[in-house]
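# Structural overview
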Amino acid sequence: MEKVRVVIDGREVFVKEGITILEAAKEIGIRIPTLCYLPKQDIKANCRICTVQLRDRNKMVTACSTPVYEGIDVLTNSKEVRELRKTLLELMLADHPKDCLTCVRNGSCELQTLAREYNLREVPFESRKKDLPIDDKNSSIVRDPNKCIMCGRCVDMCKKVQEMGIINYAFRSGEYTITTPFGKELQDTDCLFCGQCTTVCPVGALHEKEDIDKVFEAIQNPDIHVVVQTAPAIRVSLGEEFGGEKGSIVTGKLVSALKELGFDKVFDTNFAADLTIMEEANELLYRINNNKVLPMMTSCCPGWIEYVEKSAPEMIPNILNL
């Protein structure tokens, strides 16, 4: 592929023809803020936060959706660009709840981070609080449409990656929103509760349901004997999460920490996992030797099992049921 000469913030560089301004900027270490953009997802250009200035054409364009061309001259942080981004953020915040301190994404919210980066201290626009009902009656996911910034990340994940289409765009103009089919609660749809939508939401509109308070309430009740059982992978992933060397096993620290928290007994799933593998092997041999249904499939993921039950019921006989 041919290369073209581009100038970004005064720096001349040669990049592949056809890549976007956002990608070209990344190649030379220049960060352009984004909200709706996510690598490997479709380009949406919904939020406009990545807007940059084309000095050679005297116009504003979105960096995520605009390809570079020979001689393009881009400003990513000019006065005009910063003022436009700040106004866009102010408009978002005017339509957003002001409960940052109690929000589940406090400290890890991408909108909050951008508001801090652009030194927002007040919102000059009239607040447009939506006061929509929160969808939290299922056991896994909380969906708060009041916090949705219409970035579309969850739509792409649900529709293009998981191929379910439970969350999608609806209506137009002032009624434009992201919702479920006919506005149903998640528990009344074919949602698998896989949770992938929660991993891409930049704010607190979609997040996992947590039972931390219930656990502590049980621990602090002297009449309840509380046990905890850890998955085999946790002994390694927790070590990495707390800065340990990759692959290091922290079983002892994990058990000690759980006992310090107040759990009465800590059980390890390692032995039971080995037994499961043996049972699966026996079942596979039985199916092969007796011409039973193949291929045999198994999974510990309830979301995957629910997918088969709802979207591919003809495959249920293939699933190993221990």
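In this convention, every chain numbers its residues from 1, walking through the sequence in written order. Thresholds applied to this predicted model are a pLDDT of at least 70 for local features of residues and 80 or more for the giving and counting of side-chain atom pairs; totals over whole chains, interfaces and linings are not thresholded and use all residues. Computation of side-chain values covers all heavy atoms of the structure but excludes hydrogens and water.

### Considerations on unusual backbone geometry
A cis amide bond links Leu294 with the next residue in sequence, Pro295, at an omega value of 0 degrees. On the secondary structure map, Pro295 appears in the loop between helix 9 (270–289) and helix 10 (302–311). One non-glycine residue with positive phi stands out, namely Ser173, at about 55 degrees. Only DSSP runs of H or I with at least four residues qualify as helices, and only runs of E with at least two residues qualify as strands; both kinds are numbered from the N terminus onward. Inspection of the secondary structure puts Ser173 in the loop between strand 7 (168–170) and strand 8 (177–179). Note on classification: 1.4 Å probe, protein chains only; a residue is buried when its accessible area is under 20% of the maximum for its type, exposed when over 50%, partly exposed between these limits. The exposed category is assigned to Ser173, whose relative accessible area is 74%. The phi torsion at Phe193 lies on the positive side, around 55 degrees, for a residue other than glycine. Turning to its location among the elements, Phe193 is positioned in the loop between strand 8 and helix 5 (196–200).

### Considerations on the pattern of salt bridges
For this document, the term salt bridge refers to a Lys or Arg side-chain nitrogen within 4 Å of an Asp or Glu carboxyl oxygen. Inspection of every chain in the model, using the stated rule, returns 16 salt bridges. The closest approach of N and O atoms between Lys147 and Asp99, which form a salt bridge, is 3.4 Å. With Lys147 in the loop between strand 6 (141–143) and helix 4 (153–161) and Asp99 in the loop between helix 2 (79–94) and helix 3 (110–117), this pair connects stretches of sequence that are 48 residues apart. Here Arg143 and Asp135 are joined by a salt bridge, their closest N and O atoms 3.7 Å apart.

### Considerations on empty space enclosed by the protein
Definitions used throughout: a 1 Å grid over protein atoms alone; a cavity as a set of points that fits a 1.4 Å probe which cannot get out; a pocket as an open set with protein on both sides within 12 Å along at least five of seven lines; a lining residue as one with an atom within 4 Å of a point. Grid points are joined across faces, edges and corners, and a volume is the space filled by probe spheres set on the points. Here the structure, examined in full by the defined rule, presents 2 cavities of 30 Å³ or more. What the largest cavity holds in volume is close to 150 Å³. As for the largest cavity, its lining consists of 18 residues, of which Cys148, Cys154, Ile178, Ala205 and Leu206 are closest to the centre. Those elements giving two or more residues to the lining of the largest cavity turn out to be helix 4 and strand 8. Under the grouping applied here, Gly and all other residues not named as nonpolar or charged are polar, the nonpolar ones being Ala, Val, Leu, Ile, Met, Phe, Trp, Tyr, Cys and Pro and the charged ones Asp, Glu, Lys and Arg. For the lining of the largest cavity, a count of residues per class yields 13 nonpolar, 2 polar and 3 charged.

### A word on the nonpolar core
As used in this record, nonpolar core signifies buried Ala, Val, Leu, Ile, Met, Phe, Trp, Tyr and Cys residues forming a set joined through side-chain atoms within 4.5 Å. Core analysis: the largest hydrophobic core is formed by 34 residues, its most contacted members being Leu35, Ile49, Leu111 and Ile167. At the level of secondary structure, the elements contributing two or more residues to this core comprise helix 2, helix 3 and helix 4. In terms of residue count, the dominant contributor to this core is helix 2 (4 residues). Excluding its chain neighbours within four sequence positions, the residues that come into contact with Ile167 are Cys154, Val155, Cys158, Ile178, Thr179, Cys197 and Leu206. Residues Val13, Ile30, Cys50 and Val68 belong to the second largest nonpolar core, which totals 25 residues. Here, two residues are considered to be in contact whenever any of their heavy atoms come within 4.5 Å of each other.

### Topic: the layout of surface pockets
In this structure, the largest pocket spans a volume of roughly 900 Å³. Around the largest pocket, the lining comprises 28 residues; the ones closest to its centre are Asp95, Lys130, Cys148, Met150 and Tyr176. Of all the secondary structure elements, the ones that give two or more residues to the lining of the largest pocket are helix 2 and strand 8. Estimated volume of the second largest pocket: approximately 310 Å³. If you trace the second largest pocket, you find 20 residues lining it, with Leu93, Cys100, Leu111, Gln112 and Ala115 closest to the centre. Sort the elements by how many residues they give to the lining of the second largest pocket and helix 3 lands first, with 4 residues. The class makeup of the residues in the lining of the second largest pocket is 10 nonpolar, 4 polar and 6 charged.

### Examining the packing of aromatic side chains
The description of two aromatic rings rests on the distance between their centres and on the angle between their planes. Stacked, tilted and edge-to-face are the three classes assigned to paired rings of Phe, Tyr and Trp, where Trp is represented by its six-membered ring and a pair needs centres within 6.5 Å; plane angles under 30 degrees give stacked, over 60 edge-to-face, the rest tilted. Scanning the model with the defined rule gives 1 aromatic pair in all. Aromatic pair Tyr169 and Tyr176: ring centres 6.0 Å apart, planes at 15 degrees, arrangement stacked. Judged by relative accessible area, Tyr169 falls into the partly exposed class, the value being 33%. Arg57 extends its terminal NZ or CZ atom over the ring of Tyr69, reaching a point 4.2 Å from the ring centre. Remark: a charge is flagged as sitting over a ring if the NZ atom of Lys or the CZ atom of Arg is within 6 Å of the ring centre and within 35 degrees of the ring normal.

Such coordinate-based values are descriptive only and should not be taken to indicate function.
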